[in-house]
Amino acid sequence: MITEKFPSRLLENAVNEFAKLPGIGRKTSLRLVLHLLKQEKSEVELFGNSLIQLRTEIKHCKVCYNISDSETCNICSNPNRNSEEVCIVENIKDVMAIENTQQFSGLYHVLGGIISPMDGVGPSDLEINSLIERVKSGEVKEVVLALSTTMEGDTTNFYIYKKLKDLNVKISTLARGVSIGDELEYADEITLGRSIKNRLDFESTLSQ
Amino acid sequence: MYIKNLSLVNFKNFEEADLKFSANLNCFIGNNGAGKTNLMDAIFYLSFCKSFISSIDGLNIMHDQDFFVIHGRYHRLENEENIYCGLKRGQKKHFKRNKKEYKKLSEHIGLLPLIIVTPSDMNLILGGSDERRRFLDSIISQYDQVYLDNLIRYNRALLQRNKLLKQFAADRFYSEESLEVWSDQMVHYGKLIHEKRVEYLQKLQPIFQHYYELISSGKERIEMVHESKLYDHDFAELLKESIPKDRLLQYTSVGIHKDDILFNLGDYPIKKIGSQGQKKTYLVALKLAQFDFIKDLSGMTPILLLDDIFDKLDKYRVEQIVKLVADDHFGQIFITDTNREHLDQMIEEIEADFKIFQVNDGTVNEVTK
């Protein structure tokens, strides 16, 4: 596997570690390590410590399982947020995307993935049981399914729906249709077909 | 719709070729290996962005050359369309319509409808059921995007369900509800696909019968039987019942992915009892039925490529095909043959315009009438 001859074991170790990162090959890895070697010692210490701190001190919010600095994340501990609405997402990137819209004032529940046997992910690997417990505790009135529209996303939605449908909770999902600013002739047929079928009462669109 | 001009550079055994076609009948005559089918392939390429012979694009470049170019000028719905296809060794294939490059090749497919009959289509009869399913699926999905999407989703769910079955076996663990969500998805999409297949086959059957009778003068009775358990069983029940079996096999043993279409002659499968000529007739009738279907759906008359079609057929059937194709129901036709005998016969029948091309080892010349 190793074709290069490194003059130093320390250098080789560092290169090997960087090369484990996604999207980083051995050439890039070497370039990054040599770059770090040229920096001030204090700079590199800061870099290394921030990584160690990240790994050792990061927590998962015990309510929504989002990544957090404290036991409960700052979304869950914010008293202004509506704890009756819970949005189900795959990971923290989706939380960030929805937060950026500034249109949702409820809380989240981060599954940590979606069901996909091909990737070795089953329901028990996800935060689904904790979701059921959370709904059972009674405060949640509506669950918003916000997973990707792939086969795996749909299946996970479906699995959660089956688990929750007998509990006293409203289950909704993201609207699917033509994106805003799109010209109709360029919309794909599947999306456009779905939009026509699930058309909306015009008046209800005025308030948005 | 028809192709007016075709020019080739370094495509297979043609270093350079420039052809002007008739809007009706075009014949390529030449010996084995002269390149008749390669010309057909070039026309096929411009409709489907790929070769019907080799799935590896690089193999279509002339040996020792770096690139090939196929360029066609079409007459389509009163407009001229310029279609360009270029491939450099080791690079992505470029496909342009009126000098504008396509982002996705799938956007092009369907623009220039085309039906081809080749000797390799025999696999449809002789091969496994997957060949016949693919034949059916490809026709339906050409004009029904939703069908294609449902099919992709069904296959995805099937793949995941099979993977899960394998994991259960490997981990000595079983969870009914994990399996159930995938079964439910398969049922949802599978039912939609089944309905479409039934609908399409019902439409195709009478057209197919009509053509077969015309060619064989009605001596033989033929039938296409769609074999699917979904006709008389509920798909959800079927999947549930097959769970013990599926767990043993570690794959899903029931569903629309196991459908077959039985091609019968009389009451027996043509695969087993049909002669070479009967099988060929069957295929030609099937393809002509497909032609009608696509003509109806697209509102355009597809180009028809008949590669080595007269091989193995008796004189009477050849005559019938010639008569049939000479009808103005069909638009532009391309035919390859090794001798002029059939073609002269055909030309006698045809009142419309025609052109004959002599193909010799990488060169093509129009034969003056």
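Just so you know, these numbers come straight off a predicted model, no measurement behind them.

**Here's the deal with the overall build of chain A**
Part 1 of the reasoning: What chain A contains, in helices and strands, is eight helices and six strands.
Part 2 of the reasoning: The C-alpha atoms of chain A give 23 Å as radius of gyration, which overshoots the globular expectation for 208 residues (17 Å, by more than 25%).
Part 3 of the reasoning: Each of the three principal axes of chain A carries a C-alpha extent, and together these read 70 × 45 × 35 Å.
Part 4 of the reasoning: When contacts within chain A are restricted to residue pairs at least 6 apart in sequence, those whose partners lie at least 24 apart make up 47%.
Part 5 of the reasoning: With 24 positive and 30 negative side-chain charges, chain A shows a spacing of 6 Å between the two charge centroids.

**A short note on the sheet that holds strand E10 (residues 260–265) of chain B**
Residues and elements named next belong to chain B.
Part 1 of the reasoning: Ordered by their spatial adjacency, three strands build an open sheet running E9-E10-E11, and the pairing between neighbours is antiparallel. At either end of the open sheet lies a strand with only one pairing partner, and these are strand E9 (222–227) and strand E11 (268–269).
Part 2 of the reasoning: Helix H5 (residues 176–216) contacts E9 and E10 of the sheet and is inclined by roughly 170° relative to E9.
Part 3 of the reasoning: Docked against the sheet, helix H9 (residues 276–298) engages E9 and E10, running at close to 125° with respect to E10.

**A word on a nonpolar patch on the surface**
Part 1 of the reasoning: Together, Phe47, Leu51 and Leu54 of chain A line one region of the surface with nonpolar side chains, adding up to about 280 Å² of accessible area.
Part 2 of the reasoning: Tracing the backbone through its elements, the reader meets Phe47 of chain A in helix H3 (residues 41–57).

**A few points about the pattern of salt bridges**
All names here are of chain A.
Part 1 of the reasoning: Enumeration according to the criterion identifies 31 salt bridges over all chains in this entry.
Part 2 of the reasoning: Between Asp154 and Arg176 there is a salt bridge, with its nearest N and O atoms 3.3 Å apart. Taken together, the residues span a long stretch of sequence, with Asp154 in helix H6 (residues 151–164) and Arg176 in the loop between strand E6 (170–173) and helix H7 (189–197) at a distance of 22 residues.
Part 3 of the reasoning: Judged by its relative accessible area of 27%, Arg176 is partly exposed.

**Topic: unusual backbone geometry**
Part 1 of the reasoning: Phi angles above zero are rare outside glycine, and Tyr65 of chain A is one such case at about 70°.
Part 2 of the reasoning: Its location among the elements puts Tyr65 of chain A in the loop between strand E1 (59–60) and strand E2 (67–68).
Part 3 of the reasoning: Overall, Tyr65 of chain A belongs to the partly exposed group, its relative accessible area being 26%.
Part 4 of the reasoning: For Asp361 of chain B, which is not glycine, the phi torsion reads 40° and is therefore positive.
Part 5 of the reasoning: Assignment of secondary structure puts Asp361 of chain B in the loop between strand E14 (354–360) and strand E15 (363–367).

**Examining the domain arrangement of chain B**
Residues and elements named next belong to chain B.
Part 1 of the reasoning: Taken as a whole, chain B is organised into domain 1 (1–113 + 300–369) and domain 2 (127–297).
Part 2 of the reasoning: One C-alpha centre belongs to domain 1, the other to domain 2; they are set 31 Å apart.
Part 3 of the reasoning: With 20 residues of domain 1 at the interface, the matching set in domain 2 holds 20 residues.
Part 4 of the reasoning: Between domain 1 and domain 2 the total buried area reaches about 1800 Å² when both faces are included, carbon and sulfur atoms providing 66% of it.

**What about the sheet that holds strand E13 (residues 333–337) of chain B?**
Residues and elements named next belong to chain B.
Part 1 of the reasoning: Strand order across the open sheet formed by six strands is E8-E12-E13-E3-E14-E15, with mixed pairing between neighbours. With one partner strand each, in any of the chains shown, strand E8 (114–117) and E15 form the two edges of the open sheet. Each neighbouring strand pair of the sheet contributes to a mean axis angle of 20°, computed without reference to strand direction.
Part 2 of the reasoning: By the bridge criterion, four bridges tie E8 to strand E12 (residues 303–306) in an arrangement that is parallel. From the neighbouring strand, Ile115 faces E12, where its bridge partner is Leu304.

**Quick look at the packing of aromatic side chains**
All names here are of chain B.
Part 1 of the reasoning: Counted under the stated rule, the structure contains 19 aromatic pairs over all chains.
Part 2 of the reasoning: Geometrically, the ring pair formed by Phe21 and Phe28 is edge-to-face, given 6.3 Å between the ring centres and 70° between the ring planes. Side by side, Phe21 and Phe28 carry an identical accessibility label, which is buried.
Part 3 of the reasoning: Through a chain of ring-to-ring contacts, the aromatic side chains of Phe21, Phe28, Phe334 and Phe357 assemble into a single cluster.
Part 4 of the reasoning: Seen from the ring of Tyr84, Lys96 lies directly overhead, with NZ or CZ sitting 5.0 Å from the centre.

**Overview of the packing of helix H4 (residues 145–171) of chain B against H5 of chain B**
Residue and element names in this part refer to chain B.
Part 1 of the reasoning: Interaxial distance between H4 and H5 falls to 9 Å at its minimum, and their mutual angle equals 150°. When the axis of H4 is compared with that of H5, the two are roughly antiparallel. H5 is crossed by H4, and the crossing has left-handed handedness. For the pair formed by H4 and H5, the contact residues are Tyr147, Asn150, Leu151, Arg153, Tyr154, Ala157, Leu158, Gln160, Arg161, Leu164, Leu165 and Phe168 on the first element and Ser178, Leu179, Trp182, Ser183, Gln185, Met186, Tyr189, Gly190, Leu192, Ile193, Lys196 and Arg197 on the second.
Part 2 of the reasoning: Of the residues contributing to the contact of H4 with H5, the split by class is 14 nonpolar, six polar and four charged.

**Here we look at the packing of H5 of chain B against helix H10 (residues 315–326) of chain B**
All names here are of chain B.
Part 1 of the reasoning: The interhelical angle for the contact between H5 and H10, taken along N-to-C directions, is 125°, at an axis separation of 7 Å. Here H5 is positioned oblique relative to H10, judged by the angle of their axes. Residues Tyr211, Tyr212, Leu214, Ile215 and Ser216 of H5 touch H10, and the partners they reach there are Tyr316, Arg317, Gln320, Ile321 and Leu324.

**Topic: the interface of chain A and chain B**
Part 1 of the reasoning: The interface is formed by 18 residues belonging to chain A together with 19 residues belonging to chain B.
Part 2 of the reasoning: When the buried area of chain A at its contact with chain B is split by residue, Pro117, Met118 and Met151 of chain A rank highest and sum to 39% of it.
Part 3 of the reasoning: Two residues, Glu152 of chain A and Arg156 of chain B, come together in a salt bridge whose shortest N-O distance is 2.6 Å.
Part 4 of the reasoning: Applying the counting rule to chain A against chain B returns twelve residue pairs in polar contact (both at pLDDT 80 or more).
Part 5 of the reasoning: Contributing elements (two or more residues each) for the side of chain A that touches chain B: H6 and H7 of chain A.
Part 6 of the reasoning: Per-element tally for the side of chain A that touches chain B: the top contributor is H6 of chain A, with eight residues.
Part 7 of the reasoning: When grouped by side-chain class, the residues that make up the side of chain A that touches chain B number eight nonpolar, five polar and five charged.

**Details of the environment of Tyr174 of chain B**
All names here are of chain B.
Part 1 of the reasoning: Within the element layout of this structure, Tyr174 appears in the loop between H4 and H5.
Part 2 of the reasoning: The partly exposed category is assigned to Tyr174, whose relative accessible area is 27%.
Part 3 of the reasoning: For the pair formed by Tyr174 and Arg247, sequence separation is 73 residues and the distance between their alpha carbons is 9.2 Å.
Part 4 of the reasoning: Not counting residues up to four positions away in its chain, the partners in contact with Tyr174 are Phe168, Leu179, Ile243 and Arg247.

**A closer look at helix H1 (residues 36–48) of chain B**
Every α-helical turn comprises 3.6 residues, leaving residues that sit three or four positions apart pointing alike.
All names here are of chain B.
Part 1 of the reasoning: Here H1 spans 19 Å end to end across 13 residues, near enough to the 18 Å set by a 1.5 Å rise per residue.
Part 2 of the reasoning: The buried fraction of H1 is high, at twelve of 13 residues.
Part 3 of the reasoning: Every buried residue of H1 is accounted for by Lys36, Asn38, Leu39, Met40, Asp41, Ala42, Ile43, Phe44, Tyr45, Leu46, Ser47 and Phe48.
Part 4 of the reasoning: Downstream of H1 by one or two residues, Cys49 has phi in the positive range, about 60°.

Rules of the game
- Residues numbered from 1 in each chain as written.
- Chains lettered and ligands numbered in written order.
- Predicted model: local features only at pLDDT ≥ 70, side-chain atom pairs only at ≥ 80, totals over all residues.
- Heavy atoms only, no water.
- Helix = DSSP H or I, 4+ residues; strand = E, 2+ residues; numbered from the N terminus.
- Rg over C-alpha atoms; globule rule 2.2 N^0.38 Å.
- Contact = heavy atoms within 4.5 Å.
- Lys, Arg positive; Asp, Glu negative; His and termini not counted.
- Charge placed at Lys NZ, Arg CZ, Asp CG, Glu CD.
- Pairing = 2+ DSSP bridges.
- Axes fitted to C-alpha atoms, helices over the stretch in contact; angles between N-to-C directions.
- Patch = residues over 30% accessible without salt bridge, like charges linked within 9 Å, V, L, I, M, F, W, Y side chains within 5 Å.
- Areas by Shrake-Rupley, 256 points an atom, 1.4 Å probe, with all protein chains shown as cover.
- Salt bridge = Lys/Arg side-chain N within 4 Å of Asp/Glu carboxyl O.
- Buried < 20%, exposed > 50% of the residue type's maximum accessible area, 1.4 Å probe, protein only.
- Domains from an automatic or database assignment.
- Buried area = accessible area lost by both parts, 1.4 Å probe.
- Phe/Tyr/Trp six-rings, centres within 6.5 Å; stacked < 30°, edge-to-face > 60°.
- Lys NZ or Arg CZ within 6 Å of the ring centre and 35° of its normal.
- Parallel < 35°, antiparallel > 145°, perpendicular 65-115°, else oblique.
- Left-handed = near helix turned anticlockwise from the far one by under 90°.
- Nonpolar A, V, L, I, M, F, W, Y, C, P; charged D, E, K, R; others polar.
- Polar contact = N/O pair within 3.5 Å; in protein donor to acceptor, adjacent residues only side chain to side chain.
- Expected span 1.5 Å × (residues − 1).

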